[in-house]
Amino acid sequence: MAIIYDGTPEKRVYKNIFGETMEAIAASDADVVYLDADVMNSAGTLGFWKRNPRQAINCGIAEANMLGVAAGLSAGGKKPCVHTFGIFATRRCYDQAFISAAYAGNSVRIFGSDPGVVAAFNGGTHMPFEDMALMRAIPDSTVMEISDGAMLTSLMWQVKERQGLTYVRWGRKSYPALYSDDHEFVIGRGQVLRDGSSAAVIACGLMVGEAMAAAALLENEGINLRVVDMFTIKPIDREIVIESARKTGAVVVAENHNTIGGLGDAVADALLEAGVPVKFRKVGVSNRFGSVGPQPYLQEHYGLTAANIVEAVRAII
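Below: a short report on this structure. Along each chain, residue indices are assigned from 1 in the same order as the chain's sequence is written. Per-residue local features are limited, in this predicted model, to residues with pLDDT of at least 70; the limit for side-chain atom pairs, both in listing and counting, is 80 or more; totals at the level of whole chains, interfaces and linings are taken over all residues. To get the side-chain values, take all heavy atoms of the structure and skip hydrogens and water.

**Considerations on the nonpolar core**
Most often, soluble globular proteins have nonpolar side chains that are buried together.
Okay, so step 1: What we call a nonpolar core is a set of buried Ala, Val, Leu, Ile, Met, Phe, Trp, Tyr and Cys residues that are connected through their side-chain atoms within 4.5 Å. Whether a residue is buried, partly exposed or exposed follows from its accessible area with a 1.4 Å probe, protein chains only, as a fraction of its type maximum: under 20%, in between, or over 50%, in that order. Membership of the largest hydrophobic core comes to 64 residues, with the highest contact counts inside it found for Phe-18, Phe-111, Leu-225, Ile-309 and Val-313.
Okay, so step 2: Put simply, DSSP marks the helices as runs of H or I at least four residues long and the strands as runs of E at least two long, and each gets a number from the N terminus on. It is helix H9 (residues 206–219) that contributes the most residues to this core, eight residues altogether.
Okay, so step 3: Aside from chain neighbours lying at most four places away, what touches Phe-18 is Tyr-34, Ala-43, Thr-45, His-83, Phe-111, Leu-152, Met-156 and Trp-170. Here, residues are in contact when the closest pair of their heavy atoms is within 4.5 Å.

Put into structure tokens, the structure is as follows:
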């Protein structure tokens, strides 16, 4: 197990990892059923569907119905795994996720792809900045966001047996590699990628790589950042949040999501409830709708870059 970050994007495309892993999971367990809302080609699962139509179902562009089918499969003893773009996996079928899955006590694993600015040219209507907030609000839900390919593979295998409603947020392209393929991840536990005492940056998904880049920039100024990959947004790892605050006295949270209801609020809640005195700042999307364009442009447009993290750290220390 090792941290392997060097700032370069992974050569593996995450949609291919997703498709290959989902097919392998289904091959290992006849009770696993994969459901998709007519975006299998986008998720790398088209071949899986053609090879095994009994365990891979195209529900068409009918996301709410797909969640209802998944809930029914769970009630019948199956292990449904659902995918569509994050915006449709949450906002469009929220009632079905809330009532048919969670409230009814069914176990459904929802994989929402292309969160936030990663949606890029899909457009503003396809750009979820509120999906984590929605899914966090469902009682007993689990909410996660992957930050590299090794994590995506590991979490997919782990959630196969997870009870209740699980939402996994992931990008279909690739981010800078962070972990070796044999790295072990524990749902509900944060991962310290880099230790430091000047300030802590707690990040998830796309913003973990940006936090590591910010740490390298600030090191030249004698500022040592602790970088935490908080890939489980709910349940949050309160222990590592409190430890980071007490060790550094300054916490910046970075997320490719609205600053309302996401990781930043989860971290703030943990700190307030523990009564830890700390300087605090959020780096995220502030009260804005989605847009369209290349991802680098959108990161600049919404303030989701290493430079924005550097600015936030300087402001509080």
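**A few points about the sheet that holds strand E2 (residues 56–58)**
Across a sheet, paired strands are connected by hydrogen bonds in the backbone, their directions being either parallel or antiparallel.
Okay, so step 1: The rule for pairing is simple: two strands pair if DSSP sees at least two bridges between them. Taken in spatial order, the seven strands of this open sheet run E2-E1-E3-E4-E6-E5-E10, and their pairing is mixed. Since the sheet does not close on itself, it has two edges, and those belong to E2 and strand E10 (232–234), each with one partner. Neighbour to neighbour, the strand axes of the sheet diverge by 20° on average, direction disregarded.
Okay, so step 2: Inspection of the sheet shows strand E1 (residues 32–36) paired to E2 by three bridges, in the parallel sense. As a rule, the C-alpha atoms of each element are fitted with a line to give its axis, helices using only the stretch in contact, and angles between N-to-C directions run from 0 to 180 degrees.

**Things to note about the pattern of salt bridges**
Okay, so step 1: Each reported salt bridge corresponds to a side-chain nitrogen of Lys or Arg within 4 Å of a carboxyl oxygen of Asp or Glu. Counted under the stated rule, the structure contains 21 salt bridges.
Okay, so step 2: When salt bridges with common partners are traced through the structure, they connect Asp-29, Lys-79, Lys-160 and Glu-161 into a single cluster.

**What about the packing of aromatic side chains?**
Okay, so step 1: Paired rings are identified among Phe, Tyr and Trp, the last through its six-membered ring, by centres lying within 6.5 Å, and are further divided according to the angle between planes into stacked (under 30 degrees), edge-to-face (over 60) and tilted (the rest). On inspection of all chains with the given rule, the structure shows 10 aromatic pairs.
Okay, so step 2: Ring geometry for Phe-85 versus Phe-88: centroids 6.5 Å apart, planes at 40°, classification tilted.
Okay, so step 3: For Phe-88, a relative accessible area of 12% translates into the label buried.

**Let's talk about helix H10 (residues 238–248)**
Okay, so step 1: Those residues of H10 that sit buried are Ile-240, Val-241, Ile-242, Ser-244, Ala-245 and Thr-248.
Okay, so step 2: Looking at the buried side of H10, the elements it contacts are strand E7 (191–194), strand E8 (199–203), strand E9 (225–229), strand E11 (250–258) and helix H11 (263–274).
Okay, so step 3: Directly after H10, the chain includes Gly-249, whose backbone phi takes a positive value near 75°.

**Some details on unusual backbone geometry**
Okay, so step 1: For the bond from Lys-234 to Pro-235, the omega torsion is 0°, close enough to zero to count as cis.
Okay, so step 2: Backbone geometry at Asp-38 places phi at a positive 65°, although glycine is not the residue there.
Okay, so step 3: Its place among the elements puts Asp-38 in the loop between E1 and helix H2 (40–43).
Okay, so step 4: Residue Asp-38 is classed as partly exposed on the basis of its relative accessible area, which comes to 42%.

**Quick look at the sheet that holds E11**
Okay, so step 1: If you trace the five strands from one edge of the open sheet to the other, you get E7-E9-E8-E11-E12, paired in mixed fashion. Unpaired on one side and paired on the other, E7 and strand E12 (279–285) mark the two borders of the sheet. Geometrically, the sheet is characterised by an average inter-axis angle of 25° between neighbouring strands, direction not taken into account.
Okay, so step 2: As defined by bridge partners, E8 adjoins E11 across four bridges and the pair is classed as parallel. Residue pairing across strands places Ile-202 opposite Val-253, the latter belonging to E11.
Okay, so step 3: Each of E8, E11 and E12 is contacted by H11, which is oriented at about 150° to E11, the strand it contacts most.

**Here we look at the packing of H10 against H11**
Okay, so step 1: Remark: H10 packs on H11, axes separated minimally by 10 Å, with the N-to-C direction vectors making an angle of 70°. As judged from the angle between their axes, H10 and H11 are roughly perpendicular. Judged by residue contacts, Arg-238, Val-241, Ile-242 and Ala-245 of H10 engage Val-267, Asp-269, Ala-270, Leu-271, Glu-273 and Ala-274 from H11.
Okay, so step 2: Note on residue classes: Ala, Val, Leu, Ile, Met, Phe, Trp, Tyr, Cys and Pro are nonpolar, Asp, Glu, Lys and Arg are charged, and everything else, Gly too, is polar. Residues of the contact of H10 with H11, tallied by class, amount to seven nonpolar, no polar and three charged. These descriptions rest on fixed angle ranges, namely under 35 degrees for roughly parallel, over 145 for roughly antiparallel, 65 to 115 for roughly perpendicular, and the rest for oblique.

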